[in-house]
Amino acid sequence: MCMPGNSTNKAREAMEYCRDQWLPWVTVRHQYLGHRAYQVPYSAAVWDIKQLIYEETDFPVTQQQLVHNGKVLDDRVQVGTLVPPGSPEVCVTLEGRGLKGGGRFGQTTPPLVEFLKDILRRYPEGGQILKELIQNAEDAGATEVKFMYDETEYGVESLWSHDMAQYQGTALYVYNDAVFTTEDWNGIQEIARSRKREDPLKVGRFGIGFNSVYHITDVPSIFSGEQIGMLDPHQTLFGSHETGQCWNLKTDMKEITELTDQFAPYIGLLGSSEKTIKDGRFSGTLFRFPLRVKPSQLSANIYNKEKVLELFESFKADADTVLLFLKSVQKVSLHLRESDGTERMLFQVTAGENPEDKLERPNSLKILGLATDSYSNGVPSSTVTCATYQVNIETQDETAKETQRTTWLVCNGVGGRGLCSDLDSLADDLKFIPTIGIALPLTIIDEGQDATSGFLGRAFCFLPLPPGEESLTGLPVHVSGFFGLTDNRRSIKWREVDQWRDPAALWNELLIVTVIPRAYFTLIMETIKRIQNKKDQDFPLSPGGTYGAWPDFNRIKPRWTPILEPLFCDLLQQKVINTLTNSWIQVDEAVFSELNTDSDITETVISYLQSSGIQVARVPAAVDAVLTSYLTGPACVKKVTPSLVRQVIRKTKHKVSSQEKLLLLEFVLSDGGYSDLIGLELLPLQDETFTAFSSSVSDKDAVYIPSEEYPRSLYPGLEGRFILEDIRPSILSSLKDAAKSRGRPCTQVQVLTPERSARLIKEVLSKAWPTRDFTVQWDPGNSEKKHPTLSWLKMIWKHLYINFPDDLISFEDMPLIPNVPLEKSVDSIELHRLKTPSPIIIGDDDAPISESLLEIMKKLGVVVMKKLDPCLQHPLLKNYIHPSSPSMLLQIMDRSSTQRVASLVSSFSSQQKVSLRDFLAGLSDITEKEKRILLELSIFEKIGPCSEKGIPTYTSLRGARALHHTAKYPPDVKLSINVVGCSDEASIRLIKMLNVEQVKTTDCLNASRIFSCTCGAHFGRHEEGSEVIHRATD
């Protein structure tokens, strides 16, 4: 088997001749290192053999001693001089000098099988095996990879050995369209020594990852270019200590032709045919992994069709992302070949170019390639070179008959040498390149969510790391990087307490804070740029959808949080905010709305702000959290708040409709900042106008809020003094709160109180009857005169009954008492004012007041009502409407001067005076005040001659005497004193009540100073009982 090295020029020459089956073999034996065989030219020197040993074992050349036939060989001895005639092989023994130069000493490697078993223990089986083979194809520059499960059972007659028969059955094939290079053939033979150390861009060429295929097989084989190679880690198929065998299609054609069954599995499938064998070259690479059908020393894991299909299903779970960050491989498919040779495709995933710009991806890869070369060559640069392109991924599941398409925007970045000195130092030590890829899903972003809906950002190392918590980043993007991985290549290395100085873990952390933020920034900015420029007509992301690319504080995993600060430090300086008018601005230029998008209030508020020149934007909660966290102080985030809207309205004052004003009012009231309402012309009045809020406390400026207790209908004609009734409950509630604010009211808005209600009712009545007349003329419902309706007066009395049962003082002097019962057909009614003392008297249905007395009462200032309307129900009404009585009449008369009343009564007719006297005689008792009034009234008939017209003369009782009702008065006698007669019951009763002096006939004669006998004889006949004298007292 060919085992070439590449450390010296001669060794390289040996490589070129190693395919010649006639070249000699040098077998090197060592007690600890085991047996090793090398096919070299005859001209190769012992020094070259030592170099090959060093390449495999790291055993220093200067420590090696090769012994042949007991003699230590000089480094210059050629192999050809050691080969026995007729033999193709020479055996030598490897010895090493001990610490003191004597005896063997040194560490050894475990047997190959044990070494591989350890790899399998650390590298669990599963879909990751297929990914590793895709990764190898990517490193080789392949564009397509095919996996095929083949159920064919091939012949077992013409085989290398009978032991090969068990590997002629079912197998997993892996094809890619790249051809193995000399380095690839060497690399696949060098266990656990990935070529990535020599070429950092090779992700994992045949290192641990490739060896994971031993989970499936014991004998993997490779057909590529001109060679077919088989590996046998058990060292049982091709001879003792032989770990494999390879055949050259040109030089070994005779043997290949003879071993027909042995090589039949490589013909007639996946692009290989008999012509391929004849032409001596296969333009691709075909791996064949015969399934392990029985336990072996390497593994007890038995594989069958079911387990292979499980591998396929595991791969399908990640298939839509496998190709995201690969530069070469663009198609991967899964196939099944049945035992009859029928082949069918089960699944396929392809990565397509941007249909709008097919050169976008190739050009981007060129830019990245140049940046990578510059970094490798030490060209200084302190920036991150980024290139962005669109990738369309399509998966076809033939089993489920489903086709799914996803579109991604991928940004790859390469850090410059000089960006971070620590990163550069680690890159040189680890042979790493600071490359990063970030992929944003464009077709599954849900703008209604804070981030991509149902999307879980994962970490990639070019290919997705195995699913699980460790591979989740919590970002709304997938992140691929040249990360340092754990030994089993299943997760990214992180610094822990026990490995704080691990260089690979430190490298990962530096990559996260240096290169990833810049690439992430570029991705977001490129997304915005494409939306702005409409570069891609089919670009699937909307402006608002760009926010879905922003990291979410609540989702990002702790390991990845160092990305945030450098990312947002750059991002928030750019025009990354999309306004509602679809323009892009910087954060400090925007005012952010968190209002409910379905609300008509929101629509009005936003429209008003926009028409005022305000740039309004709406962002998801995750973006808002970013802005709040990273912008503080003068640059703090401005939001649409009631305070801001009040400020804008006060400044702009442009016209809007009444409905819009109401919506704006509801919003500016929502934060309770009532003192900040002053000057806003948003206060709706019942007269359908709007007035400005003011701080006036004057009653004339007050605007009232009606209530169930004080309905607005109580105050007709005052629409301009009331809040509009037809407003939303929320507005009304806020205005009530504003009116009830502690201390001095914030605005002129007031809630109604009894006192305020009384003032407003008085204002209503004052507008209708501006004069102070006690009785006014009322034309119900006359709008020109501003007279209230009949129903209004009824409502007023109900209002008084309910809300003012104990006190009507506030309503005094208001014309609220109708003179007659209210009827719908009435055109005009008299209203009397509530007044104390009141001149109103109500008649008694059982003893109606005579017309004569009515006339008298009116002249004396009494208002007489015959009947009350039913609406006049109130506990205190008796204070204003009195029952008809002499006492009440005297009280009313007492309100005028005695002289005026006396003069007025003296002008009455005789009949009226008699009527008045008769009415007043009905007093049951009398007070001193009433007595004084009665003494002044000229309602008593004077004794003496009548007037010229024969009309009796009337006088008051002041200073007068009363002729006893039993006494006789001579008509021809003239009296020198004032004497009134008592010829009727009313006079007799009043005179007695007033204690007026009564005189007999003799007293009258004495008073007239007539002393005649006849008169004396005449008067002497009077009875003694008539001589009682009463004197009127003041």
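Keep in mind the model is a prediction, meaning the values are calculated, not measured. (Residues numbered from 1 in each chain as written. Predicted model: local features only at pLDDT ≥ 70, side-chain atom pairs only at ≥ 80, totals over all residues. Heavy atoms only, no water.)

**Thoughts on the nonpolar core**
Alright, step 1. Membership of the largest hydrophobic core comes to 67 residues, with the highest contact counts inside it found for Phe 483, Ile 516, Trp 550, Trp 560, Ile 577, Phe 592 and Leu 627.
Alright, step 2. Elements represented by at least two residues in this core include exactly strand S16 (402-415), helix H12 (421-430), strand S18 (435-441), strand S19 (459-461), helix H13 (503-533), helix H14 (564-571), strand S23 (584-585) and helix H16 (621-630).
Alright, step 3. Ranked by residues supplied to this core, first place goes to H13 with 13 residues.
Alright, step 4. Excluding residues that lie within four positions of it along the chain, Phe 592 makes contacts with Ile 577, Val 587, Ala 617, Val 619, Leu 627, Val 637, Lys 638, Lys 639 and Val 640. (Core = buried A, V, L, I, M, F, W, Y, C linked by side-chain atoms within 4.5 Å. Buried < 20%, exposed > 50% of the residue type's maximum accessible area, 1.4 Å probe, protein only. Helix = DSSP H or I, 4+ residues; strand = E, 2+ residues; numbered from the N terminus. Contact = heavy atoms within 4.5 Å.)

**What to know about the sheet that holds strand S34 (residues 840-842)**
Pairing between the strands of a sheet comes from backbone hydrogen bonds, and it takes one of two forms, parallel or antiparallel.
Alright, step 1. With respect to topology, three strands assemble into an open sheet ordered S35-S34-S36, the strand pairing being parallel. A single partner strand is all that each edge strand has here, and the edge strands are strand S35 (863-865) and strand S36 (881-883). Shown here is a sheet whose adjacent strand axes are inclined to one another by a mean of 35°, direction ignored.
Alright, step 2. With three bridges connecting them, S34 and S36 associate as parallel partners. Within the sheet, the bridge partner assigned to Ile 840 lies in S36 and is Ile 881. (Pairing = 2+ DSSP bridges. Axes fitted to C-alpha atoms, helices over the stretch in contact; angles between N-to-C directions.)

**So, the pairing of strand S3 (residues 64-68)**
The side chains of a regular strand alternate, first on one face of the sheet and then on the other.
Alright, step 1. Burial analysis of S3 places four of its five residues in the buried class, the great majority of the element.
Alright, step 2. For S3 and strand S5 (residues 89-96), the ladder comprises four bridges, and the chain directions are antiparallel. Within the sheet, the bridge partner assigned to Gln 64 lies in S5 and is Gly 96.
Alright, step 3. Where S3 and strand S4 (residues 71-72) come together, two bridges link them in antiparallel fashion. By the bridge assignment, His 68 is partnered in S4 with Lys 71.
Alright, step 4. Hairpin connection of S3 to S4: two residues between the antiparallel strands, including Asn 69 at a positive phi of 55°.

**Observations regarding the sheet that holds strand S32 (residues 815-818)**
Alright, step 1. Strand order in this open sheet of three strands is S31-S33-S32, and the pairing throughout is antiparallel. Bordering the open sheet on either side are strand S31 (775-778) and S32, each of which pairs with just one other strand. Across this sheet, the average inter-strand angle for adjacent strands is 45°, counted without regard to direction.
Alright, step 2. Taken together, the four bridges between S31 and strand S33 (residues 829-833) define a ladder with antiparallel strand orientation. The residue of S33 that forms the bridge with Trp 778 is Ile 829.
Alright, step 3. Against the sheet, helix H21 (residues 790-803) makes contact with S31, S32 and S33, and its axis sits at roughly 105° relative to S32, the strand it touches most.

**Looking at the environment of Gly 341**
Alright, step 1. If you trace the backbone, Gly 341 turns up in the loop between strand S12 (331-337) and strand S13 (343-352).
Alright, step 2. Judged by its relative accessible area of 36%, Gly 341 is partly exposed.
Alright, step 3. Placed 73 residues apart in sequence, Gly 341 and Gly 268 show a C-alpha to C-alpha distance of 9.6 Å.

**Observations concerning the environment of Val 145**
Alright, step 1. In this fold, Val 145 is placed in strand S6 (residues 144-150).
Alright, step 2. When its relative accessible area of 1% is taken as the criterion, Val 145 is described as buried.
Alright, step 3. Taking C-alpha positions, Val 145 is 7.2 Å from Val 329, a pair spaced 184 residues apart along the chain.
Alright, step 4. The residues contacting Val 145, other than those within four sequence positions of it, are Ile 134, Ala 137, Val 174, Tyr 175, Asn 176, Val 329, Lys 331, Val 332 and Ser 333.

**So, the packing of helix H23 (residues 886-893) against helix H25 (residues 910-920)**
Alright, step 1. Viewed as axis vectors pointing N to C, H23 and H25 meet at an angle of 115°, and their least axial separation amounts to 8 Å. Every residue of H25 that contacts H23 at Pro 886, Leu 889 and Leu 890 is listed here: Leu 916, Phe 919 and Leu 920.
Alright, step 2. Of the residues that constitute the contact of H23 with H25, the class distribution is six nonpolar, no polar and no charged. (Nonpolar A, V, L, I, M, F, W, Y, C, P; charged D, E, K, R; others polar.)

**Overview of helix H3 (residues 112-122)**
Alright, step 1. Of all the positions in H3, only Val 113, Leu 116, Ile 119 and Leu 120 are classed as buried. Summarising the axial view, the buried residues of H3 lie within an arc of 120°, below the 170-degree limit, and thus occupy one face. (Arc of directions from axis to C-beta.)

**Brief notes about the packing of aromatic side chains**
Remark: the centre distance and the inter-plane angle together describe each pair of aromatic rings, the angle taken between the planes.
Alright, step 1. Per the counting criterion, the structure on display carries 28 aromatic pairs.
Alright, step 2. Measuring from centroid to centroid gives 5.6 Å for Phe 210 and Phe 287, while their planes differ by 45°, and the two rings are tilted. One end of the pair, Phe 210, is in helix H6 (residues 208-211); the other, Phe 287, is in strand S11 (residues 282-290), with 77 residues separating them in the sequence.
Alright, step 3. According to the relative accessible area criterion, Phe 287 is buried, its value standing at 2%.
Alright, step 4. Ring plane angle 90° and centroid distance 6.4 Å describe the contact between Phe 553 and Phe 568, whose orientation is recorded as edge-to-face. In this pair, Phe 553 is assigned in the loop between H13 and H14 and Phe 568 in helix H14, connecting sequence segments 15 residues apart.
Alright, step 5. You can call Phe 553 partly exposed: its relative accessible area is 26%. (Phe/Tyr/Trp six-rings, centres within 6.5 Å; stacked < 30°, edge-to-face > 60°.)

**Concerning unusual backbone geometry**
Alright, step 1. At the junction of Thr 836 and Pro 837, the peptide bond is cis and its omega measures out at -10° in the coordinates.
Alright, step 2. Within the secondary structure, Pro 837 is located in the loop between S33 and S34.
Alright, step 3. Positive phi values are uncommon outside glycine, yet Gln 235 reaches one of about 60°.
Alright, step 4. Residue position: Gln 235 is located in the loop between strand S9 (227-231) and strand S10 (244-248).
Alright, step 5. The backbone of Glu 688 sits at a positive phi, close to 70°, despite the residue not being glycine.
Alright, step 6. Tracing the backbone shows Glu 688 in the loop between strand S27 (683-684) and strand S28 (690-691).
Alright, step 7. Classification of Glu 688 as exposed rests on a relative accessible area of 69%.

**Looking at the pattern of salt bridges**
Alright, step 1. Under the counting rule described, the total for this entry stands at 50 salt bridges.
Alright, step 2. Residues Lys 401 and Glu 398 are paired through a salt bridge, measuring 3.9 Å at the closest nitrogen-oxygen approach.
Alright, step 3. Exposure remark for Lys 401: the relative accessible area of 67% places this residue in the exposed category.
Alright, step 4. Glu 398 sits in the partly exposed class, given a relative accessible area of 28%.
Alright, step 5. For the salt bridge of Arg 728 with Glu 666, the shortest nitrogen-to-oxygen distance reads 3.2 Å. Of this pair, Arg 728 sits in the loop between strand S29 (703-705) and helix H19 (729-739) while Glu 666 sits in helix H18 (residues 658-669); the two residues are 62 residues apart in sequence, bridging distant segments of the chain.
Alright, step 6. In this structure Arg 728 comes out as partly exposed when scored by relative accessible area, which is 31%.
Alright, step 7. In this structure, a network of salt bridges that share partners links the residues Arg 646, Arg 650, Asp 671 and Asp 676. (Salt bridge = Lys/Arg side-chain N within 4 Å of Asp/Glu carboxyl O.)

**Details of the pairing of S13**
Alright, step 1. Strand direction decides the pairing type here: S12 and S13, joined by seven bridges, are antiparallel. Each residue of the ladder has a partner; that of Ser 333, found in S13, is Gln 348.
Alright, step 2. Counting the residues that bridge the hairpin from S12 to S13 gives five residues, and of these Gly 341 lies at a positive phi of roughly 95°.
Alright, step 3. Pairing between S13 and strand S15 (residues 384-397): six bridges, direction antiparallel. Looking at S15, one finds that Ala 351 is bridged to Ile 393.

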